[in-house]
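Coordinate inspection notes
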Amino acid sequence: MDVSMLHTVTENLAGWLSEVTHGDLRQQTPVPAWDVGDLYVHLIDRNIAITAGLTHQVVHVPH
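Overview of the structure. (Residues numbered from 1 in each chain as written. Predicted model: local features only at pLDDT ≥ 70, side-chain atom pairs only at ≥ 80, totals over all residues. Heavy atoms only, no water.)

1. Points about the side chain of aspartate 35
Note that aspartate 35 resides in the loop between helix H1 (3–18) and helix H2 (36–55). Polar side-chain contacts of aspartate 35 include one of 3.1 Å to the backbone nitrogen of glycine 37. Side-chain polar atoms of aspartate 35 contact the backbone nitrogen of aspartate 38, separated by 2.8 Å. (Helix = DSSP H or I, 4+ residues; strand = E, 2+ residues; numbered from the N terminus. Polar contact = N/O pair within 3.5 Å; in protein donor to acceptor, adjacent residues only side chain to side chain.)

2. Looking at unusual backbone geometry
The backbone of alanine 33 shows a phi angle near 70 degrees, a positive value even though the residue is not glycine. As for its placement among the helices and strands, alanine 33 is situated in the loop between H1 and H2.

3. Observations regarding the side chain of threonine 29
Relative to the assigned elements, threonine 29 resides in the loop between H1 and H2. The class for threonine 29 is buried, based on a relative accessible area of 17%. Within polar-contact distance, the side chain of threonine 29 engages the backbone oxygen of tryptophan 34 at 2.7 Å. Here threonine 29 is in contact with Trp34, Asp35, Val36 and Leu39, once residues within four sequence places are set aside. (Buried < 20%, exposed > 50% of the residue type's maximum accessible area, 1.4 Å probe, protein only. Contact = heavy atoms within 4.5 Å.)

Interpretation in functional terms is not warranted from these geometric data alone.
As structure tokens, this is what we get:
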């Protein structure tokens, strides 16, 4: 795995997400029935699932 590429992509994503405002969260996306907030939560859920898999731990996140 190219860790330097992963680091760069993670920094870019963090930069984009840091500019999301409260008003942006309800904007529509190309994904049917999902707004920016839905995609944001999905991204967080995926990261939690991947981290849990890598660390062999079960993570329960209330929604």
